Amino acid sequence: MSRPMRILGHRGASADAPENTLEAFKLAMEQGADGVELDVMRCGSGELVVCHDEWLDRLAHRHWEVARTPWWKLAKADVGTPLGFAPARMPTLEQVFDALPRRAVMNVELKCDAFDDRGLSVAVAELVEARGLADRVFLSSFNPLCLVRVARSHPALRRGLLLDPDRSLSRQLFGWAPVTAKTSIHPWSGHCTQARVARWHHAGLEVAAWTVDEPDAARRLRAMGVDWLITNRPGAMKKALAV
């Protein structure tokens, strides 16, 4: 019998609403998702903003670097229209925490490729703990140093290593995962096999596979025992997995 698999909206219901916005997160929950996956970084004035791209050319048709742009300015950017949706605004992490229902699980990805994360990881961990959300949030990152910082400052928080398909899988799994992945491992869906999922479970880790929008692929991953399906189309995947 296959394990139950829960659904996270990738940047919200991003196939149907502008990614990483309150509209997308709320829609994901309305579509039956168990929670959402989102990206967080620090902006130029230090706020924790929910955004995937370092520069806003794609999202807002503005050549603004998030890390160097103050929040008052970012808050005015329209990140909906350039993606083909109604106008929408970028939220802060606090606004997302305020907006989502208590049942929502949140996978917060720490977005930072640099050695120095400008305090991002610890600031997010502090906010999660201060808001009493440790039972609903797990932190993930492609940057293992971010997770090391969380492990040192807030060891009780749930952490998951994102596996980069463009880097050595063995180095990530045998080098970084043992010291960074406290509760979960986050592979690209194409790297999931029955044997790997079984090994990850044996190590006490849940498996969160990304990014899956095809029903057949979702059903295959469920049969392998994958715990979390990260998808742009939570409503459609919910229906597909109900069959």
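For the structure, see preceding data.
Residues numbered from 1 in each chain as written. Predicted model: local features only at pLDDT ≥ 70, side-chain atom pairs only at ≥ 80, totals over all residues. Heavy atoms only, no water.

**A word on the overall build of the protein chain**
Secondary structure summary: the protein chain contains 10 helices and 9 strands in total. The C-alpha atoms of the protein chain give 17 Å as radius of gyration, which agrees with the globular expectation for 243 residues (18 Å, within 12%). Oriented by its inertia axes, the alpha-carbon framework of the protein chain measures out at about 50 × 40 × 35 Å. Burial status across the protein chain gives 52% buried among its 243 residues. Taken as a whole, the protein chain presents about 11100 Å² of accessible surface, with 52% of it coming from carbon and sulfur. (Helix = DSSP H or I, 4+ residues; strand = E, 2+ residues; numbered from the N terminus. Rg over C-alpha atoms; globule rule 2.2 N^0.38 Å. Buried < 20%, exposed > 50% of the residue type's maximum accessible area, 1.4 Å probe, protein only. Areas by Shrake-Rupley, 256 points an atom, 1.4 Å probe, with all protein chains shown as cover.)

**Details of the pattern of salt bridges**
A full pass over the atoms with the stated rule returns 12 salt bridges. One salt bridge connects E19 with R58, and the closest N-O pair in it is separated by 2.9 Å. With E19 in the loop between strand 1 (6–10) and helix 1 (22–30) and R58 in helix 2 (residues 57–60), the pair connects residues that are 39 residues apart, well separated along the chain. For R58, the salt bridge goes to D53, with nearest N and O atoms at 2.8 Å. Residue class for D53 comes out buried when judged on its relative accessible area of 13%. Connected through salt bridges with shared partners, the residues R11, E19, D39, D53 and R58 form a single ionic network. (Salt bridge = Lys/Arg side-chain N within 4 Å of Asp/Glu carboxyl O.)

**Concerning the packing of helix 9 (residues 215–224) against helix 10 (residues 234–242)**
Where helix 9 meets helix 10, the axes come as close as 9 Å, and the angle between the chain directions of the two elements is 60°. The orientation of helix 9 with respect to helix 10, classified from their angle, is oblique. Once helix 9 is placed against helix 10, the crossing between them reads as right-handed. Touching P215, A218, R219 and R222 of helix 9 are M237, A240 and L241, all from helix 10. A class-by-class count of the residues in the contact of helix 9 with helix 10 yields 5 nonpolar, no polar and 2 charged. (Axes fitted to C-alpha atoms, helices over the stretch in contact; angles between N-to-C directions. Parallel < 35°, antiparallel > 145°, perpendicular 65-115°, else oblique. Left-handed = near helix turned anticlockwise from the far one by under 90°. Contact = heavy atoms within 4.5 Å. Nonpolar A, V, L, I, M, F, W, Y, C, P; charged D, E, K, R; others polar.)

**Side note on helix 9**
Along helix 9, the positions that sit buried rather than exposed are A217, A218, L221 and R222. Projection of helix 9 onto a plane perpendicular to its axis shows the buried side chains occupying an angular sector of 140°, all on one side. Exposed side chains of helix 9 directed beyond 90 degrees from the buried face belong to R220 and A223. In this structure, the buried residues of helix 9 make contact with strand 8 (206–209), strand 9 (228–231) and helix 10. Two residues or fewer after helix 9 comes G225, characterised by a positive phi angle close to 105°. (Arc of directions from axis to C-beta.)

**Structural notes on the pairing of strand 8**
Inspection of the sheet shows strand 7 (residues 184–186) paired to strand 8 by 2 bridges, in the parallel sense. Within strand 8, the residue paired with I185 across the bridge is V207. Here strand 8 runs beside strand 9; their pairing, made up of 2 bridges, is parallel. Counted as the bridge partner of A208 is W228 from strand 9. (Pairing = 2+ DSSP bridges.)

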